[in-house]
Amino acid sequence: MTTVTAPPKLSILVENVRKTFLLRHTHSFKEAFISKIKKKQTSTSFDALKDVSFEINEGESVAILGYNGSGKSTLLKLISGVLEPDAGRIRTRGRVGALIEVGAGFHPELSGRENVYLNAAILGMSKKEIDERFDDIVAFSEIEDFIDSEVKHYSSGMFLRLAFSVAIHVRLDILLVDEILSVGDAPFREKCRKKIRELIGEGKTMVVVSHDVGTVRELCDRGIVIKKGVKIFDGPVEEAIEALKNQ
Amino acid sequence: MFRRRYLLRLLVRKGVSTRYRNSALGWGWSYVKPLTQYAIYFFIMGTILGRGRGGIENFALYLLAGIVVVNLFNEAFTNATKSIVDNKALVKKIYLPRELFPVAAVIVAFIHFLPQAAVLTIVAALMGWVPTALELAAILLGTLIVVLFATGLGMIFGAVNVSFRDAENFVEIIRMLATWFSPVLYSYVLIVDKLDQVGHWLGTLYMLNPLTSAVELFHYGFWYGTTTDSRPTPPHLLVFSLVGLAACFVLIIVGQVVFRRFERRFAQDV
Ligand SMILES: Nc1ncnc2c1ncn2[C@@H]1O[C@H](COP(=O)(O)OP(=O)(O)OP(=O)(O)O)[C@@H](O)[C@H]1O
Ligand SMILES: [Mg+2]
């Protein structure tokens with residue numbers, strides 16, 4: 001740490017990770033019991049990720065690319081800790097923020113203000129931190145006039161604006177972004193990108209999942225391509241985009 | 001979990017404030033529902049079957065005290081069982097200590113219990129209830145037993161409910177039985193005598209039910225002092241209560257272990 005030419009610090013370590021989903025065919029005691037007696041299989045297993053390894057250093061901005069169902073979201077959930085790997089290990093340094101699906105904790109019956117507090121707390125902020133940032137959050141979302149009305153009366157774009165705004169203002173070291181840069185209208189999207197570039201500039205680690213090549217090119221310098229749960233490419237983002245097309 | 005106290009508080013507040021949104025009566029339902037139930041039981045047990053059979057003095061208060069505790073148990077247990085599935089959206093997408101959900105659910109049930117406890121206090125006071133320190137202690141102990149019992153069971157059933165929604169229906173049955181398997185509608189003397197005829201252990205088993213202790217503690221706390229009846233509180237109530245309390249602590253630990261065990265799979269199964 002004190003050496004002059006400090007090597008880049010490791011931020012995310014993914015080592016030989018496997019994630020197996022059991023697709024259960026039974027959903028009640030009765031079904032499970034009958035299948036047991038008949039010695040029928042109660043589940044089939046399916047590897048969503050197979051032996052995936054990579055390292056991401058602090059300050060890097062990496063895109064995860066792959067077609068639908070290739071395992072990108074699963075990978076982000078593993079990094080954020082929502083899911084646990086069935087083999088291998090995952091280490092992260094610092095506070096991980098996952099923009100996996102914004103607005104997951106929003107309750108339609110509560111006002112915008114109440115939702116901001118609730119969600120910021122869910123994402124790990126303390127009361128003091130939220131108080132400090134509340135005005136920024138609302139200003140960023142540009143829905144000041146509606147902040148005290150119930151969220152169920154919001155338009156879907158307004159809802160996403162507020163949700164995104166909360167998520168982006170959480171103080172964190174690693175930001176995981178899954179398919180959410182397409183929220184809102186064009187000006188708001190631009191604003192989000194700008195904010196994310198700002199965070200990259202501050203040296204945050206960023207992992208972005210997006211099907212939008214433009215976004216990926218703009219925000220990331222490295223790309224990891226996943227095909228059916230297997231990592232098939234890891235390198236500069238332009239080459240990764242090529243690898244995705246030619247897989 | 002203790003580090004997320006602020007979040008817990010917000011989750012409780014959400015549970016409380018969204019519970020009766022969009023209903024004209026709002027929290028009034030907290031009174032109306034138990035009162036309806038109470039009226040029916042009072043009419044059938046008290047009027048038709050004649051004062052709770054055992055000739056319980058001051059049956060109105062006796063019944064109310066029992067119903068209020070059992071309601072606390074039912075609410076807390078049901079809410080906790082459903083809590084993980086109800087918060088599906090969060091469990092799936094964001095990492096946070098999942099015990100928060102059943103715990104918040106139990107706290108919401110407790111807050112819900114307070115107005116009923118207030119009614120009970122007022123009714124008891126009207127009937128000349130002047131609590132002694134011992135009676136207050138009994139009430140607190142009874143409440144504690146119920147809350148812990150519901151939390152422990154709720155964690156286990158809540159965890160199982162993620163994979164097998166049967167748990168919810170099972171809880172419905174337990175709810176129905178809870179009122180009958182504890183001395184709410186009748187005097188414990190009636191049933192324990194009958195059970196003892198079959199086998200002494202059966203009567204003991206009945207008394208070992210933590211809910212029985214809690215109900216009897218509430219009877220002792222609110223009702224006993226207002227009667228001139230010499231009908232005693234159950235023998236060894238203190239012993240049974242403490243055993244019940246200890247059992248609840250064990251249950252909470254078992255609940256934690258089961259919960260941890262299942263928790264790894266919540267996000268993918270729910
Ligand atoms: N909880 C789960 N239970 C069972 N299977 C799952 C679960 N979650 C994901 N899967 C399976 O894992 C595979 C990868 O899913 P994932 O959501 O990671 O894909 P993705 O790469 O994010 O796709 P998309 O581009 O459509 O977002 C899919 O085949 C999916 O069916
Ligand atoms: Mg996805």
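The structure presented is a predicted model; accordingly, all values stated were derived computationally and were not measured.

**Some points on the site of ligand 1**
Point 1. With respect to spatial proximity, 14 residues lie near ligand 1, and among them Gly-69, Gly-71, Lys-72, Ser-73 and Thr-74 of chain A are the closest.
Point 2. Positioned at a junction of chains, ligand 1 has nearby residues supplied by chains A and B.
Point 3. In this structure, Asn-68 of chain A approaches ligand 1 through a side-chain N or O atom, which is 3.0 Å from an oxygen atom.
Point 4. Between an oxygen atom of ligand 1 and a main-chain N or O atom of Gly-71 of chain A, the distance comes to 2.9 Å.
Point 5. Within the complex, the protein chains bury 67% of what would otherwise be the 640 Å² of accessible surface of ligand 1.
Point 6. Looking at the shell around ligand 1, the elements that each hand over two or more residues are strand S1 (10-24), strand S2 (43-57) and helix H2 (72-80) of chain A.
Point 7. No other element matches H2 of chain A, which puts three residues into the shell around ligand 1.
Point 8. Of the residues that constitute the shell around ligand 1, the class distribution is five nonpolar, eight polar and one charged.

**Regarding the pattern of salt bridges**
Residue and element names in this part refer to chain A.
Point 1. For the structure on display, the rule yields 27 salt bridges over all chains.
Point 2. Here Arg-171 and Glu-129 are joined by a salt bridge, their closest N and O atoms 3.5 Å apart. Note that Arg-171 is positioned in the loop between helix H5 (156-168) and strand S6 (174-178) and Glu-129 in helix H4 (residues 127-141), a separation of 42 residues in sequence.
Point 3. For Arg-171, a relative accessible area of 41% translates into the label partly exposed.
Point 4. By relative accessible area, which is 15% here, Glu-129 ends up buried.

**Focus: the packing of helix H3 (residues 59-86) of chain B against helix H10 (residues 210-223) of chain B**
Residue and element names in this part refer to chain B.
Point 1. Two elements in contact, H3 and H10, have axes whose closest approach is 9 Å; the angle formed by their N-to-C orientations is 140°. Judged by the inter-axis angle, H3 sits oblique to H10. Helix-helix and strand crossings are classified by hand; for H3 and H10 the assignment is right-handed. Between H3, through Leu-61, Tyr-62, Ala-65, Gly-66, Val-69, Val-70 and Phe-73, and H10, the contact on the second element is made entirely by Leu-211, Ala-214, Val-215, Glu-216, Phe-218, His-219, Phe-222 and Trp-223.
Point 2. Class assignment for the residues of the contact of H3 with H10 results in twelve nonpolar, two polar and one charged.

**Concerning the nonpolar core**
Point 1. Counting residues in hydrophobic clusters, the biggest one holds 73 residues, and the most contacted among them are Leu-65 and Met-206 of chain A together with Leu-7 of chain B.
Point 2. With seven residues, the single largest contributor to this core is helix H1 (residues 5-19) of chain B.
Point 3. Discounting residues that sit within four places of it in the chain, Met-206 of chain A has contacts with Glu-60, Ser-61, Val-62, Leu-175, Val-177, Ile-196, Leu-199 and Ile-200 of chain A.
Point 4. Val-68, Leu-120, Leu-237 and Leu-251 of chain B belong to the second-largest nonpolar core, a separate cluster that totals 67 residues.

**Examining the interface of chain A and chain B**
Point 1. Contact with chain A, which involves 37 residues of that partner, is made by 29 residues of chain B.
Point 2. Buried surface at the junction of chain A and chain B, summed over both partners, amounts to about 2700 Å²; 59% is from carbon and sulfur atoms.
Point 3. When the area that chain A buries against chain B is broken down by residue, the three leading residues are Phe-29, Val-82 and Ile-122 of chain A, summing to 22%.
Point 4. In this assembly, chain A and chain B are joined by one salt bridge.
Point 5. With its nearest N and O atoms 2.5 Å apart, the salt bridge here joins Arg-264 of chain B to Glu-84 of chain A.
Point 6. Here chain A is connected to chain B by five residue pairs in polar contact (both at pLDDT 80 or more).
Point 7. For the side of chain A that touches chain B, the secondary-structure elements that each account for two or more residues are S1, helix H1 (29-37), H2, helix H3 (112-122) and H4 of chain A.

**Here we look at the sheet that holds strand S4 (residues 87-92) of chain A**
Strand pairing in a sheet is mediated by backbone hydrogen bonds. Such pairs are either parallel or antiparallel.
Residue and element names in this part refer to chain A.
Point 1. If you trace the three strands from one edge of the open sheet to the other, you get S2-S1-S4, paired in antiparallel fashion. Among the strands making up the open sheet, the edge pair consists of S2 and S4. Taking the axes of each pair of neighbouring strands and ignoring which way they run, one obtains an average angle of 25° across the sheet.
Point 2. Where S1 meets S2, eleven bridges bridge the pair, whose relative direction is antiparallel. By the bridge assignment for S2, Phe-21 is matched with Phe-46.

How each quantity is defined
Residues numbered from 1 in each chain as written. Chains lettered and ligands numbered in written order. Predicted model: local features only at pLDDT ≥ 70, side-chain atom pairs only at ≥ 80, totals over all residues. Heavy atoms only, no water. Near = heavy atom within 4 Å. Polar contact = N/O pair within 3.5 Å; in protein donor to acceptor, adjacent residues only side chain to side chain. Areas by Shrake-Rupley, 256 points an atom, 1.4 Å probe, with all protein chains shown as cover. Helix = DSSP H or I, 4+ residues; strand = E, 2+ residues; numbered from the N terminus. Nonpolar A, V, L, I, M, F, W, Y, C, P; charged D, E, K, R; others polar. Salt bridge = Lys/Arg side-chain N within 4 Å of Asp/Glu carboxyl O. Buried < 20%, exposed > 50% of the residue type's maximum accessible area, 1.4 Å probe, protein only. Axes fitted to C-alpha atoms, helices over the stretch in contact; angles between N-to-C directions. Parallel < 35°, antiparallel > 145°, perpendicular 65-115°, else oblique. Left-handed = near helix turned anticlockwise from the far one by under 90°. Contact = heavy atoms within 4.5 Å. Core = buried A, V, L, I, M, F, W, Y, C linked by side-chain atoms within 4.5 Å. Buried area = accessible area lost by both parts, 1.4 Å probe. Pairing = 2+ DSSP bridges.

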